[in-house]
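Structure assessment
Below, each chain spelled out in residue letters.
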Amino acid sequence: QVQLVESGGGLVQAGGSLRLSCAASGRAFSRYAMGWFRQAPGKEREFVAAVSSNGFITYYEDVVKGRFTISRDNAKNTVYLQMNSLKPEDTAVYYCAGRRTVVASNRRDEYDDWGQGTQVTVSS
């Protein structure tokens, strides 16, 4: 098990950028696939992006492709989500999640450990 702590959220204007970070505790991080999910008010938590344990394979939800980039630094036990060209519809609480396997997934129910979330608000 790893503990996950997100940071980097905030208020940004449409068209702006933010970089979210998720710091993990424990030595198992390099064996975990990692994902980012988000949840807007009144909506289900949805998949955003995921990365394999070695960082070589990534997946994105279609609505963020070309704007968001997921990456990880296993030496720092950290996964990142670079978000560019932000839109008001990107407003949500963003959650980092860890999966106890090397293979990434876009399924929420396949992740084992979750952070507390960080708020991202994009103004128009």
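Residues numbered from 1 in each chain as written. Predicted model: local features only at pLDDT ≥ 70, side-chain atom pairs only at ≥ 80, totals over all residues. Heavy atoms only, no water.

Describing the overall build of the protein
- Each helix and strand counted, the protein has 0 helices and 11 strands in total.
- The N-to-C order of helical and strand elements in the protein reads β-β-β-β-β-β-β-β-β-β-β.
- Rg of the C-alpha trace for the protein: 13 Å, near the compact-globule value of 14 Å for 124 residues, within the 12% margin.
- If you line up the protein on its principal axes, its C-alpha atoms span 40 × 25 × 25 Å.
- Within the protein, the proportion of its 124 residues that are buried is 45%.
- Across the protein, the fraction of contacts at a sequence separation of at least 24, relative to all contacts at a separation of at least 6, is 60%.
- Surface exposure of the protein reaches about 6300 Å², of which carbon and sulfur atoms provide 46%.
- Distance between charge centroids for the protein: 5 Å, based on 15 positive and 12 negative side chains. (Helix = DSSP H or I, 4+ residues; strand = E, 2+ residues; numbered from the N terminus. Rg over C-alpha atoms; globule rule 2.2 N^0.38 Å. Buried < 20%, exposed > 50% of the residue type's maximum accessible area, 1.4 Å probe, protein only. Contact = heavy atoms within 4.5 Å. Areas by Shrake-Rupley, 256 points an atom, 1.4 Å probe, with all protein chains shown as cover. Lys, Arg positive; Asp, Glu negative; His and termini not counted. Charge placed at Lys NZ, Arg CZ, Asp CG, Glu CD.)

Focus: the environment of V120
- With respect to the helices, strands and loops of the structure, V120 is situated in strand 11 (residues 118-123).
- Note: C-alpha distance between V120 and L18 (102 residues apart in sequence) is 8.6 Å.
- When neighbours within four sequence positions are excluded, V120 is seen to be in contact with G9, G10, L18, L20, M83, D90, T91, A92 and Y94.

Concerning the environment of D113
- Its location among the elements puts D113 in strand 10 (residues 113-114).
- Separated by 111 residues in sequence, D113 and V2 have C-alpha atoms that sit 6.7 Å apart.
- Setting aside chain neighbours within four positions, we find D113 in contact with Q1, V2, L4, Y32, C96, A97, G98 and R100.
- Here the side chain of D113 touches R100 through a polar contact of 3.0 Å, side chain to side chain. (Polar contact = N/O pair within 3.5 Å; in protein donor to acceptor, adjacent residues only side chain to side chain.)

So, a nonpolar patch on the surface
- A cluster of nonpolar residues, F56, I57 and Y59, forms a patch on the protein surface that exposes about 360 Å² of accessible area.
- Checked against the element boundaries, I57 lands in the loop between strand 5 (46-51) and strand 6 (58-60).
- We classify I57 as partly exposed; its relative accessible area is 44%. (Patch = residues over 30% accessible without salt bridge, like charges linked within 9 Å, V, L, I, M, F, W, Y side chains within 5 Å. Salt bridge = Lys/Arg side-chain N within 4 Å of Asp/Glu carboxyl O.)

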